[in-house]
Amino acid sequence: MSGPLVLGIESSCDETGVGIVRGRQLLTNTVSSSMDEHVRFGGVVPEVASRAHVQAIGPAIVAACDEAGVELSELDAIAVTAGPGLSGALMVGVGAAKGLAAALDLPLYGVNHLAAHVAVDLVADDIERLTTPTIALLVSGGHTEILRIGDIVDDIELLGATIDDAAGEAFDKTARLLGLSYPGGPNVSKAALGLLDGTGIPGDRQAVRFPRGLAKKSDLRDPDRRYSFSFSGLKTAALREVTKAETLGTDLRVADIAAGFEDAVVDVLVTKTLLAAADTGIDHVVLGGGVAANAHLRDVLATRCAEAGVTLRVPPLALCTDNGAMVAALGAELVSRGAAPSDLGLAAVSSLDVDHVLV
């Protein structure tokens, strides 16, 4: 193994991640999640997440070094998510990274969370790995974006994003409406498969025709809306179905609502991603973010990419969710290219633009 030995810290939301890479070799990916602490609230509470990061960051760094068989004194650099994300959560990770960098006299690299989601494919444990140029679809509880990646360090363009909720947020809020627990995404998927009502009979994806946000012909002709997403109408449609069933006293099969809702989200995500690929002439797509764990999304995206002659990359699922490995991977790439490190006075930037790869 060769290349810089970099420790990466991720704390943008509810996972405290610490990863260590040497060049493009992943040594460890340690993740401590505070998800269980958010269940009773039905979603991530920023203050709860921040406190959980404070408690988890030290042990996570120790565990990562132990698993990788690395001493802190051997590191060549520290990388940390500087944004975007929850301000309080980001500050915990940035503070820890600054402390390590100052104590060990190491260069510090504050990196972009979204770019890191793509860069993690550089250290995926298979022979495919990241190919550029590529279209990246990032889907999680906090982000839903389509990116054009010409180069992971200096050529990233935001093509489209959600104008309201991220897809993961829409799953969470609709799950709550249907009486399903947090996290919403996995439970909506289980409900859609008939695994939560004891029947084992999948829901009918056509029973309720949910709207496809910003997917009308007029939207697709509009440059400002062509690659953009909106999921607020979906939530309203789900509410109408539940209210109608309660008002009329009719039976409401949660599996049907869940299946239709999931299909609507997936349909618009895939449609707009392939539009971006066709418009840019790029025949590679990479999927990232926590919602990449959704089997229906992976299946539909794979099928439609194959039909369009587009190569699809989905990194191992453990590398799709928020993790320190992705931060370390991007940090190592920056070090390898001789990029100047960040100033120790760098601040967490909750709304950091994707084209700012290094802060």
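Treat the numbers as computed from the prediction; the structure is a model and nothing was measured.

Of all the 5 residues making up strand E5 (residues 108-112), 5 are buried; the element is thus mostly covered by neighbouring parts of the structure. Residues Leu 108, Gly 110 and Asn 112 of E5 are buried on one face, and the alternating residues Tyr 109 and Val 111, pointing to the opposite face, are buried as well. Pairing geometry for strand E4 (residues 77-83) and E5, over 5 bridges, is parallel. Across the sheet, the residue bridging to Gly 83 is Asn 112, located in E5.

Once that is clear, we can look at the sheet that holds strand E9 (residues 284-288). Read from one edge to the other, the open sheet built from 5 strands follows the order E8-E7-E6-E9-E10, with strand pairing classed as mixed. With one partner strand each, in any of the chains shown, strand E8 (155-161) and strand E10 (311-313) form the two edges of the open sheet. Adjacent strand axes in the sheet meet at a mean angle of 25°, parallel and antiparallel pairs treated alike. Pairing geometry for E9 and E10, over 3 bridges, is parallel. Paired with Val 286 across the bridge in E10 is Arg 313. Contacts between helix H9 (residues 254-280) and the sheet are confined to strand E6 (134-139), strand E7 (144-151), E8 and E9, with E6 contributing the most and set at about 160° to the helix.

Here the focus is the UniProt feature "binding site: Fe cation" (unreviewed entry) in the chain. Mapped onto this numbering, the UniProt entry gives "binding site: Fe cation" (unreviewed entry) at His 113, His 117 and Asp 322. Judged by maximum C-alpha separation, these annotated positions cover 210 residues in sequence but sit close together in space, the widest gap being only 8.6 Å. Take His 113: its relative accessible area is 1%, and that puts it in the buried class. Beyond its immediate sequence surroundings of up to four residues, His 113 is in contact with Glu 10, Ser 12, Thr 81, Gly 83, Pro 84, His 143, Asp 322 and Met 326. Reaching out from His 113, the side chain makes a polar contact with the side chain of Ser 12 at a distance of 3.3 Å. Within the secondary structure, His 117 is located in helix H4 (residues 113-119). Each residue touching His 117, except ones within four places of it in the same chain, is listed here: Leu 138, Gly 289, Cys 320, Thr 321, Asp 322 and Met 326.

A few words now on a nonpolar patch on the surface. On the surface, Leu 193, Leu 195 and Leu 196 cluster together to form a nonpolar patch covering roughly 280 Å² of accessible area. Structurally, Leu 196 is set in the loop between helix H6 (184-192) and helix H7 (217-221). Given a relative accessible area of 43%, Leu 196 falls into the partly exposed group.

For the rest of this paragraph, the subject is the nonpolar core. Formed by 48 residues in total, the largest nonpolar core has its most connected members in Ile 135, Ile 146, Phe 210, Phe 231, Val 265 and Leu 269. Those elements that provide at least two residues to this core are E6, helix H5 (167-177), H6, helix H8 (232-248), H9, E9 and helix H10 (295-308). In terms of residue count, the dominant contributor to this core is H9 (14 residues). Ignoring sequence-local partners within four residues, the contact set of Ile 135 consists of Ile 146, Leu 147, Arg 148, Leu 159, Thr 273, Ala 276, Ala 277, Thr 280, Ile 282, His 284, Val 285 and Val 286. Formed by 35 residues, the second largest nonpolar core is a distinct cluster that contains Val 21, Val 111, Ala 119 and Leu 122.

Another point: H9. Between its first and last C-alpha atoms H9 spans 39 Å; for 27 residues at 1.5 Å apiece the expected length is 39 Å, and the two agree. In terms of burial, H9 is a largely internal element, 21 of the 27 residues being buried. Immediately beyond the C-terminal end of H9, within one or two residues, lies Gly 281, with a positive phi of roughly 75°.

For the rest of this paragraph, the subject is the pattern of salt bridges. Two side chains carrying opposite charge are able to pair once their charged atoms lie near each other. Scanning the model with the defined rule gives 18 salt bridges in all. Measuring nitrogen to oxygen at the nearest pair gives 3.1 Å for the salt bridge that ties Arg 205 to Glu 262. With Arg 205 in the loop between H6 and H7 and Glu 262 in helix H9, the pair connects residues that are 57 residues apart, well separated along the chain. Here the salt bridges share partners, and the residues they tie into one network are Arg 24, Asp 151, Glu 333 and Arg 337.

Residue Pro 133 is bonded to the preceding Thr 132 through a cis peptide linkage, with omega at 5°. Position of Pro 133 relative to the elements: it lies in the loop between H4 and E6. Between Tyr 182 and Pro 183 the backbone carries a cis peptide bond, its omega angle lying at 0°. Structurally, the position occupied by Pro 183 is in the loop between H5 and H6. With phi around 55°, Asp 105 is a residue other than glycine that occupies positive phi space. Following the sequence through the fold, Asp 105 ends up in the loop between helix H3 (87-104) and E5. Overall, Asp 105 belongs to the exposed group, its relative accessible area being 70%. Unlike most non-glycine residues, Leu 214 shows phi in positive territory, near 55°. Within the element layout of this structure, Leu 214 appears in the loop between H6 and H7.

Calculation rules
Throughout this description, residue numbers start from 1 for each chain and increase along the sequence as written. Reporting in this predicted model follows two pLDDT cut-offs: at least 70 for local features of residues, and 80 or more for side-chain atom pairs to be given and counted; totals over whole chains, interfaces and linings ignore these cut-offs and use all residues. With hydrogens and water excluded, all non-hydrogen atoms of the structure serve as input to the side-chain values. A simple rule labels every residue: compare its accessible area, found with a 1.4 Å probe on the protein chains alone, to the largest value its type can have, and call it buried under 20%, exposed over 50%, or partly exposed in between. Helix numbering and strand numbering both begin at the N terminus, where a helix is a DSSP run of H or I of at least 4 residues and a strand a DSSP run of E of at least 2. Here, a strand pair is defined by DSSP locating no fewer than two bridges between the strands. Only the contacting stretch of a helix is used when fitting its axis, a line to C-alpha atoms as for every element, and angles between N-to-C directions run 0 to 180 degrees. Should any heavy atoms of two residues lie within 4.5 Å, those residues are counted as being in contact. UniProt positions are given in the numbering used here, feature names are shortened, and annotations may be inferred rather than shown by experiment. Two N or O atoms count as a polar contact when they lie within 3.5 Å, although within protein this holds only if one can serve as hydrogen donor and the other as acceptor, and sequence-adjacent residues are included solely when both atoms are side-chain atoms. What goes into a patch is any residue over 30% in relative accessible area without a salt bridge, connected to like charges within 9 Å or, for nonpolar side chains (Val, Leu, Ile, Met, Phe, Trp, Tyr), within 5 Å. Here the Shrake-Rupley method, with its probe set to 1.4 Å, supplies the accessible areas, and only the displayed protein chains count as covering residues. A side-chain nitrogen of Lys or Arg and a carboxyl oxygen of Asp or Glu constitute a salt bridge if their distance falls within 4 Å. Here, nonpolar core means buried Ala, Val, Leu, Ile, Met, Phe, Trp, Tyr and Cys residues that are tied together by side-chain atoms lying within 4.5 Å of each other. In a helix, the anticipated span is given by 1.5 Å times the number of residues less one.

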